[in-house]
Amino acid sequence: MNYFSIHKADFCGFWIHEKLTDLGINNIVVNPADVPTMSKEKLCKTDAVDCNKLVRELRPGSLEGIYFRADILEMRSLIRQRNLIVKDSTHAKNRIKSLLRSHGVKISEKFI
């Protein structure tokens with residue numbers, strides 16, 4: 001028996017796709033922006049509406065899956081985490097400098 005499924009590319013990543021594929025299920029991952037949406041569906045956004053929309057488009061085979069590579073996704077994730085840490089660190093340093101300045105503490109040029 002053949003099983004088919006469709007998965008939206010979202011914050012959960014692609015592990016769902018990998019698990020379904022390992023189970024022998026024909027799964028495709030689609031870009032949510034590529035799924036045609038009727039105006040009524042835009043007004044009432046629920047999981048059930050999204051599910052019906054994906055199934056409706058999966059039946060005629062009008063949706064195309066996106067291509068991704070696990071190693072590139074892992075590298076992107078690592079880079080995003082690094083950027084967040086750098087941003088958080090910069091915010092913390094700026095808050096400390098602001099606090100020191102508001103109390104009249106002079107900050108050396110090498111720390112600015």
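Residues numbered from 1 in each chain as written. Predicted model: local features only at pLDDT ≥ 70, side-chain atom pairs only at ≥ 80, totals over all residues. Heavy atoms only, no water.

(A) Focus on the overall build of the protein chain. A tally of helices and strands in the protein chain yields four helices and two strands. Reading the secondary structure of the protein chain in the N-to-C direction produces β-α-β-α-α-α. With the principal axes as the frame, the protein chain shows a C-alpha extent of 75 × 35 × 15 Å. The buried share among the 112 residues of the protein chain stands at 17%. Counting every atom, the protein chain has about 9300 Å² of accessible surface; 59% of that belongs to carbon and sulfur. Once the 19 positive and 13 negative side-chain charges of the protein chain are each reduced to a mean point, those two points are 11 Å apart. (Helix = DSSP H or I, 4+ residues; strand = E, 2+ residues; numbered from the N terminus. Buried < 20%, exposed > 50% of the residue type's maximum accessible area, 1.4 Å probe, protein only. Areas by Shrake-Rupley, 256 points an atom, 1.4 Å probe, with all protein chains shown as cover. Lys, Arg positive; Asp, Glu negative; His and termini not counted. Charge placed at Lys NZ, Arg CZ, Asp CG, Glu CD.)

(B) Molecular detail of the side chain of Lys53. Within the secondary structure, Lys53 is located in helix α3 (residues 47-58). Residue classification places Lys53 among the buried residues on the basis of a relative accessible area of 11%. Engagement of the side chain of Lys53 in a polar contact is seen with the side chain of Thr37, the distance being 3.3 Å. (Polar contact = N/O pair within 3.5 Å; in protein donor to acceptor, adjacent residues only side chain to side chain.)

(C) Just the environment of Ile112, in detail. Take Ile112: it is sitting in the segment after α4 (70-102). Residue classification places Ile112 among the exposed residues on the basis of a relative accessible area of 55%. Residues Ile112 and Asn52 lie 60 residues apart in sequence; the distance between their C-alpha atoms is 55 Å. Look past the residues within four positions of Ile112 in its chain and what remains in contact with it is Lys97, Arg101 and Ile107. (Contact = heavy atoms within 4.5 Å.)

(D) Seen up close, the side chain of Ser5. Summarising the element assignment, Ser5 is placed in strand β1 (residues 4-8). Ignoring sequence-local partners within four residues, the contact set of Ser5 consists of Leu20, Ile25, Asn26, Asn27, Ile28 and Leu58.

(E) Broad picture of the nonpolar core. Counting five residues, the largest nonpolar core consists of Ile6, Val30, Val35, Leu54 and Leu63. Excluding its chain neighbours within four sequence positions, the residues that come into contact with Val30 are Ile6, His7, Lys8, Ala9, Val35, Leu54, Leu63, Glu64, Gly65 and Ile66. (Core = buried A, V, L, I, M, F, W, Y, C linked by side-chain atoms within 4.5 Å.)

(F) Fine view of α4. Over its 33 residues, α4 runs 48 Å from end to end, which matches the ideal 48 Å to within 8%, given 1.5 Å per residue. Positive backbone phi, at 80°, marks Gly104, one or two positions downstream of α4. (Expected span 1.5 Å × (residues − 1).)

Bear in mind that shape data such as this cannot, by itself, settle questions of function.
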